[in-house]
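Residue-level structure breakdown
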Amino acid sequence: MRLRGPSTTFLKERATVSTPAAVRVQSFGTTVFAEYSALSLEYDAINLGQGFPDFPAPDFVIEAARTALASGYNQYARSAGHPRLVNALAAVYSPVFDRELDPLTQIVVTTGATEGIYATVQGLVNPGDEVILIEPFYDSYPPSVIMAGGTPVYVPLRPKPGATSAADWRIDMEDLRAAISPKTKLIIINTPLNPVGKMYSREELLALAQVAQEHDLLVLSDEVYEWMTYDGTPHVRIATLPGMWERTITLGSAGKTFSVTGWKIGWAIAPEPLAHAVLMAHQWIPFAVTTPLQEAVGAAFEQVEERNYLHELSVMYQAKREILLSALNDVGFPPLTPHGSYFILVDTTDLDAPLPTDDLRDVQICRWLTKEIGVTAIPPSAFYSPEHSHLASNVARFCFCKTDAILEAAATRLRTNL
Ligand code: GLN
């Protein structure tokens, strides 16, 4: 299956206002997260839609920020990243990438992974280049490609019939090969995958790597949920597979890692020629990222080993996953068990809700859940091209990055009202 997203119609049906906007943004609607967080507030629902922790960041992280602000780290940072942070990132990531990372040439600190995605695409994609996006994708990928003048080419994952595990949603290598043309420049993957909770296996990534090498493609690997993994499922980094370091940019996010999504600190790790391209774009986007918060994230990373923090993060989230899985099972929303990320995709096929409009079924169900049941979920059609949005008709995405009390309260509402 080969499907190119026409750059001027993407998301048009979700556009809400008419403005003198430039052609490159004319087709964009409001993001699904803004829309559903507002709806959730309006109906006083429990927001299991937008993925952000509702609990405080760890004390040692907040303390590091206080210290940074008080210590005078309040002027522009080095454009590619504040020294304390890039040094800390090199120390944390060198062992997991199995190579000595150069903090000064192979790491670029970005304004969240969102800017990492944007700057990578701006730095590497020429107008007319095609970029392969695996569906469901994180919603900022198509706009980033479109704003660079590139063309998204969509390849949907194929769920096994009766899938119960996120691992049952797999990429069909024939679909991927059929999507490639002489114009293909980049493949974007996301593991662990938002919204499915899938972690690509080594075997899948080896197959992807083979295709990338055969066709001389670059890979952007969005790994923002890298430290939220369950059931001992290994997080395989495509950059560590044979022949892949040279062609891969890997992204991470402090927002996810330290439960501070509002800090908007992310990073790109790549070999020098690719990191240089990202930096050439980044220097004209924010120029540099918030200095005191970079200092704080650097200080926080210096402490993760002695605190066993990253392991405990997964343990905490695995317990939260169990609370939500159990409630969803009970109320007739068979979930796909996620092995990573803080999202659960459920099957809503058996839900008999009144759906009066012509909107997509998943959109109507998520609105209805917010208004009538008091729990907000995200409609996954936002993570598909319009042409493939029907593939999301019978699913909804819930997040479990909330306090146990809120998860229990949501479970009570679902059990009582559904
Ligand atoms: N990544 C978060 C999610 O998927 C939200 C990010 C955002 O609000 N843009 O829910």
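Predicted model only: the values in this text are computed from it and were never measured. (Residues numbered from 1 in each chain as written. Predicted model: local features only at pLDDT ≥ 70, side-chain atom pairs only at ≥ 80, totals over all residues. Heavy atoms only, no water.)

1. Quick notes on the pairing of strand E10 (residues 248–253)
A large share of E10 lies buried, amounting to six of its six residues. Neither face of E10 is left uncovered, since the one carrying Thr248, Thr250 and Gly252 and the one carrying Ile249, Leu251 and Ser253 both have all their residues buried. With four bridges joining them, strand E9 (residues 218–222) and E10 adopt parallel strand pairing. Within the sheet, the bridge partner assigned to leucine 220 lies in E10 and is isoleucine 249. (Buried < 20%, exposed > 50% of the residue type's maximum accessible area, 1.4 Å probe, protein only. Helix = DSSP H or I, 4+ residues; strand = E, 2+ residues; numbered from the N terminus. Pairing = 2+ DSSP bridges.)

2. A short note on the layout of surface pockets
When its volume is computed, the largest pocket comes out at roughly 760 Å³. Forming the walls of the largest pocket are 39 residues, and the residues nearest its centre are Phe33, Thr114, Tyr138, Asp139 and Lys264. Breaking the lining of the largest pocket down by element, the ones donating at least two residues are helix H2 (32–42), helix H5 (112–124), helix H6 (141–147) and helix H9 (254–257). When residues of the lining of the largest pocket are assigned to their parent elements, the largest contribution, six residues, is made by H5. Around the second largest pocket sit 23 residues that line it, and Pro159, Trp169, Asp347, Leu391 and Val395 are the ones nearest its centre. Elements supplying a minimum of two residues to the lining of the second largest pocket: strand E6 (158–159), strand E12 (335–336) and strand E13 (343–347). Looking at the lining of the second largest pocket, the element that brings in the most residues is E13, giving three residues. Classifying every residue of the lining of the second largest pocket gives 14 nonpolar, six polar and three charged. (1 Å grid on protein atoms, 1.4 Å probe; cavity = no way out; pocket = protein on both sides within 12 Å on 5 of 7 lines; lining within 4 Å. Points joined across faces, edges and corners; volume = space filled by probe spheres on them. Nonpolar A, V, L, I, M, F, W, Y, C, P; charged D, E, K, R; others polar.)

3. Description of the packing of aromatic side chains
In total, this model carries 22 aromatic pairs according to the counting rule given. Ring geometry for tryptophan 267 and phenylalanine 301: centres 5.5 Å apart, planes at 75°, overall edge-to-face. One end of the pair, tryptophan 267, is in strand E11 (residues 266–269); the other, phenylalanine 301, is in helix H11 (residues 291–307), and 34 residues separate them in sequence. Both residues of the pair, tryptophan 267 and phenylalanine 301, count as buried. With a centroid separation of 6.4 Å and an interplanar angle of 70°, the aromatic rings of tyrosine 317 and phenylalanine 400 are classed as edge-to-face. (Phe/Tyr/Trp six-rings, centres within 6.5 Å; stacked < 30°, edge-to-face > 60°.)

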